[in-house]
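As a plain string of letters, each chain reads:
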Amino acid sequence: MASKKLLVAQREFVENVRTKTFWIGILAVPVILVISIGAGWVLEQFRETKTYAVVDYSDIGLARRIEQQARLGDLKAMGKLTGAIAESLSDDDEIPEETAEKLHRAWLDLPASEMEQMLEDDPGGFQDARRFNLIRLSELELDHLEPEEQARELTKLVEDDKLFAYFTIGANPIVNADGFAYVSSNYTDDKLRKWYDSAATRVIQSMRIRDAKIARDVAERIKQPIRFKKRKDDGTGTGKTEEVTIGDTANKYAPVAFVYLLWIAVFTAAQMLLTNTVEEKSNRIIEVLLSSCSPGELMSGKIWGIAATGMTMVGSWIGFALLGVWVAPMLIPSLDLPLMEIIGDPLYLISFAAYFLFGYLLYAAMLVAIGSVCNSLKEAQNLMQPVVILLIIPLISMIFIVQEPNGLVAKVMSYIPLFTPFTMMNRAGGPPEVYEYVITGILLVVSVWIAFKAAGKIFRIGVLMTGNPPKLMQILGWLRAK
Amino acid sequence: MTDALVLQGVTKRFGTFTAVDDLSLRVPTGCIYGFLGQNGAGKTTTIRMVMSIFHQDSGTISVLGHNNAVEVKDRLGYLPEEKGLYKKMKTAEIVAYFGKLKGMDTSTANEKAKTLLTQYGLGDWLDKKCEAMSKGMGQKVQILGTIIHEPDLVILDEPFSGLDPVNRDVMRDTILQMKREGRTVIFSTHVMEQAEQLCDAAMMIHKGKLAFDGTISEIKAGHDFGIRIAFDGDGEALKQLPGLSRINNQGRSAEIFLKDGTSPQAALRWLMDHVELRSFDYGEPSLHEVFVNTVETHNAAHATVEAN
């Protein structure tokens, strides 16, 4: 004869796990993850080509030179392809307009797959060519007009959405920045403006340097920005350093993903428990159950049954992660491997499972108590608000703690049992000292035990109550009762 | 023969409200016993204490010879007033689950659940979810869940409420069957006709206190005999009956009580002249009359106490 607690747990587990929605929910997480990573790329593919025109107030053909400069990335890549002019082109070189034009058009006509292959090193150039398209004033039959007239006509075109934007180039760029403008009806998409800005800056800087008669090498030296290279101890104990790789940075941020999943898991499981308790109470099946087993057996049976459900969920996600680590490099050979190693890191996986269990148990005890005093889901959701607010805190502090894993806030939060699972998971990249794991772990286990005791007292009385939910003072009275 | 259930001086309070007040009673083994009383009288609270869902504040409860009801929990069957099922569970599973919770082993419970459901005409529903069933079917499933483990004492809280006549008969037959098998059945109701038809003995609880208990004939003893008639015609006219003390007029039937010294014969003659009589029966009062009478007497006594 199985113990009644086990029977209750088993029923809860089977009821949840055998539904399709449960598995769809589990599958949804990796799918959403993949989608959110892939979505940016996919959306970028749907980005429409932005058309722009240029009104040039300077009489030195600046527009043409800026255009060439802006397309230089494309041209260099193209040049690399032909192997002919790549090395000879520098930022200041002028390319005969005809050649530039031909190259540019040829480039645009290439099939995307080929372009990608050619541009492995410099995808930026490829994207620029695709994303922005210059409409010449001659094409618009505005080339015979005065610049002021041109600007007025272009403004109308922009207003009518026939043109995404147009630029005006100041009359005297060597002396000042007057008259430079960007006119568009779209105020949010700044990519075109920034791209053109930087090309114009490079061209005009060169012109100003030449105008000031500064030697080219001197100018280059002056223009050279200072960059502090990120380095770290190389771990050999010799005091030497090595470069910080993307993998190293990812390693420090990896806990964020785990905290987020942990949060979803705890929240989903605890919510499941709450709904379930309220359902049993509102359809009065609870009375039949209580005629067969004690409130304590029922409560812990439910909590453990849903814990098993939650562990199934967490276990499936870990399974997906490991599968991803194994499959992803086969599909995409160039994938950054350090990231994959992190996902597969047993330290993360084991602490993830353990923190899920204890975090869930703590919140489960709170929610089962709330569920037991409510007669409807609506009441329960109202009473649940404070718990949700508590749960949001570790989410808000997630990025902050990853950046300061051993800071004061992180340390203080680690010792608050309600936040311990999330915060300690969050700090894993730190990592915290062993003694911190031990002390916060003990605190967490003790809190779970106390929460179970308290929840038991509330559950026993609350679950048979009908009518209005009890007042807080009343509940405190139950807690004091033996 | 020992008693299946003995309550002695049982009191239960909720805050300042006394739900059950110094209740003592005996339910003999193997009988059908009625718990009567108005809504809110304390029937359900008493039942919950017997089932050790609640614990009494004072007094003792002995169930099946044990002072601690928890010890014999598995030998009790309980159908609460408000009946619920897990909507997503299949009928056979839920009946078996209730059996397992009462200590049956898995395979026996599964087999028994199927047998019972088939026996009760739900053989086609074994693999269907509870949410797909009608209310009557759901109630059948619940009663099967209550009796699957062959309990020695079955407590049914308002088992007939919400049942159509056909299912009411099924419920009645089930109760009688349990009695034949030697089990003790306690059921609560506020429909006196059901109690009168089924119960060997009963008790009535009023505002938490025991109003009366005993076998049905013991309960009726000491109460005035009454005339039960079925008639066609104007029921209002009956109020003019000479020597009338009290009347429960149900439209086409009525229960009439006469003042002391009034002859039933005289009443019969008068009735024949004034309404179209279909039947006439002079005898002990119905349980309904005893119930109403008791409530009125208690309320009157209560009012007097208040007034003083």
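Scoring rules and cut-offs
Residues numbered from 1 in each chain as written. Chains lettered and ligands numbered in written order. Predicted model: local features only at pLDDT ≥ 70, side-chain atom pairs only at ≥ 80, totals over all residues. Heavy atoms only, no water. Axes fitted to C-alpha atoms, helices over the stretch in contact; angles between N-to-C directions. Helix = DSSP H or I, 4+ residues; strand = E, 2+ residues; numbered from the N terminus. Parallel < 35°, antiparallel > 145°, perpendicular 65-115°, else oblique. Left-handed = near helix turned anticlockwise from the far one by under 90°. Contact = heavy atoms within 4.5 Å. Nonpolar A, V, L, I, M, F, W, Y, C, P; charged D, E, K, R; others polar. pLDDT = per-residue confidence, 0-100. Pairing = 2+ DSSP bridges. Buried < 20%, exposed > 50% of the residue type's maximum accessible area, 1.4 Å probe, protein only. Phe/Tyr/Trp six-rings, centres within 6.5 Å; stacked < 30°, edge-to-face > 60°. Lys NZ or Arg CZ within 6 Å of the ring centre and 35° of its normal. Buried area = accessible area lost by both parts, 1.4 Å probe. Salt bridge = Lys/Arg side-chain N within 4 Å of Asp/Glu carboxyl O. Polar contact = N/O pair within 3.5 Å; in protein donor to acceptor, adjacent residues only side chain to side chain.

Draft legend 1. Structural view of the packing of helix α2 (residues 91–101) of chain B against helix α4 (residues 135–147) of chain B. Residue and element names in this part refer to chain B. Taken N-terminus to C-terminus, the directions of α2 and α4 make an angle of 30 degrees; their axes are 7 Å apart at the nearest point. It follows that α2 is roughly parallel to α4 by the angle criterion. The two elements α2 and α4 meet at a crossing, and its hand is right-handed. For the pair α2 and α4, contact is made by T91, I94, V95 and F98 and by V141, L144 and G145, respectively. Looking at side-chain class alone, the contact of α2 with α4 contains five nonpolar, two polar and no charged residues.

Draft legend 2. Structural detail: the confidence of the model for chain B. Taken over all residues, the pLDDT of chain B has a mean of 86, while the share at 70 or more is 98%. Of the two predicted TM-score estimates for the complex, the pTM is 0.73 and the ipTM is 0.79.

Draft legend 3. Looking closely at the sheet that holds strand β1 (residues 3–14) of chain B. All names here are of chain B. If you walk across this open sheet you meet the three strands as β2-β1-β4, and the pairing is antiparallel. A single partner strand is all that each edge strand has here, and the edge strands are β2 (17–28) and β4 (58–63). Between one strand and the next, the sheet's axes are offset by a mean angle of 15 degrees, whatever the strand orientation. Together, β1, β2 and β4 form the strand contacts of helix α1 (residues 43–50), whose direction differs from that of β1 by roughly 115 degrees.

Draft legend 4. Quick peek at the sheet that holds strand β6 (residues 153–157) of chain B. All names here are of chain B. Across the sheet, which stays open at both edges, the six strands sit in the order β5-β6-β7-β3-β8-β9 with mixed pairing between neighbours. For this open sheet the edge positions go to β5 (76–79) and β9 (209–215), each flanked by a neighbour on one side alone. The mean angle between the axes of side-by-side strands here comes to 15 degrees, regardless of whether they run parallel or antiparallel. Sheet topology note: the strand β3 (residues 32–36)/strand β7 (residues 184–189) ladder contains five bridges and is parallel. Bridging across to β7, I32 finds its partner in V185. Packed on one face of the sheet, α4 meets β5 and β6 and runs near 160 degrees to β5.

Draft legend 5. Broad picture of unusual backbone geometry. Although it is not a glycine, K213 of chain A sits at a positive phi angle of roughly 60 degrees. Residue class for K213 of chain A comes out exposed when judged on its relative accessible area of 73%. For E158 of chain B, which is not glycine, the phi dihedral falls at a positive 50 degrees. Considering the arrangement of structural elements, one finds E158 of chain B in the loop between β6 and α5 (165–180). Classification of E158 of chain B by relative accessible area gives buried; the value is 5%.

Draft legend 6. Structural context of the confidence of the model for chain A. When pLDDT is averaged along chain A, the result is 81, and 84% of the positions lie at 70 or above. Note on residues 119–126 of chain A: pLDDT under 50 across the span, and eleven contacts to partners over four residues away in sequence or across chains.

Draft legend 7. Layout of the packing of helix α1 (residues 4–17) of chain A against α2 of chain B. Where α1 of chain A meets α2 of chain B, the closest approach of the two axes is 10 Å, and the angle between their N-to-C directions is 160 degrees. Overall, the two elements α1 of chain A and α2 of chain B adopt an arrangement that is roughly antiparallel. As α1 of chain A runs across α2 of chain B, the sense of the crossing is left-handed. Judged by residue contacts, K4, L7, V8 and R11 of chain A of α1 of chain A engage Y97, K100 and L101 of chain B from α2 of chain B. By residue class, the composition of the contact of α1 of chain A with α2 of chain B is four nonpolar, no polar and three charged.

Draft legend 8. Fine view of the packing of aromatic side chains. Evaluated as defined, the whole model comprises 17 aromatic pairs over all chains. Taken together, a centroid distance of 6.0 Å and an interplanar angle of 75 degrees make the contact between Y52 of chain A and W195 of chain A edge-to-face. Placement of the pair is Y52 of chain A in strand β1 (residues 50–56) and W195 of chain A in helix α9 (residues 191–211), with a sequence separation of 143 residues. Given the relative accessible area of 0%, Y52 of chain A is considered buried. Judged by its relative accessible area of 9%, W195 of chain A falls in the buried class. A connected cluster of aromatic rings, assembled from ring pairs, spans Y52, F132, F167, Y182, W195 and Y196 of chain A. Lying over the aromatic face of Y86 of chain B, R11 of chain A brings its terminal NZ or CZ to 3.2 Å of the ring centre. One Lys or Arg, K12 of chain B, reaches over the ring of F54 of chain B and ends 5.4 Å from the middle of that ring.

Draft legend 9. A look at the interface of chain B and chain A. Taken residue by residue, the interface counts 26 residues in chain B and 21 residues in chain A. Summed over both sides, the interface between chain B and chain A buries roughly 2300 Å², with carbon and sulfur atoms accounting for 59% of that surface. Our count for the chain B to chain A interface comes out at three salt bridges. With a closest N to O distance of 2.7 Å, E93 of chain B and R18 of chain A form a salt bridge. Joining chain B to chain A, the criterion identifies nine residue pairs in polar contact (both at pLDDT 80 or more). Taken together, the elements giving at least two residues each to the side of chain B that touches chain A come down to α1 and α2 of chain B. It is α2 of chain B that contributes the most residues to the side of chain B that touches chain A, six residues altogether. Among the residues forming the side of chain B that touches chain A, the class breakdown is twelve nonpolar, three polar and eleven charged.

Draft legend 10. Layout of the pairing of strand β3 (residues 165–169) of chain A. Residues and elements named next belong to chain A. Within β3, five of the five residues are buried, leaving the element largely enclosed by the surrounding structure. Residue alternation in β3 divides its side chains into two sets, A165, F167 and I169 and Y166 and T168, and both sets are buried. One ladder, built from five bridges, connects β1 with β3; its direction is parallel. When the bridges of β3 are listed, V54 appears paired with F167. Relative to strand β4 (residues 181–184), β3 runs antiparallel, the two sharing four bridges. Following the sheet pairing, A165 is matched in β4 by S184.

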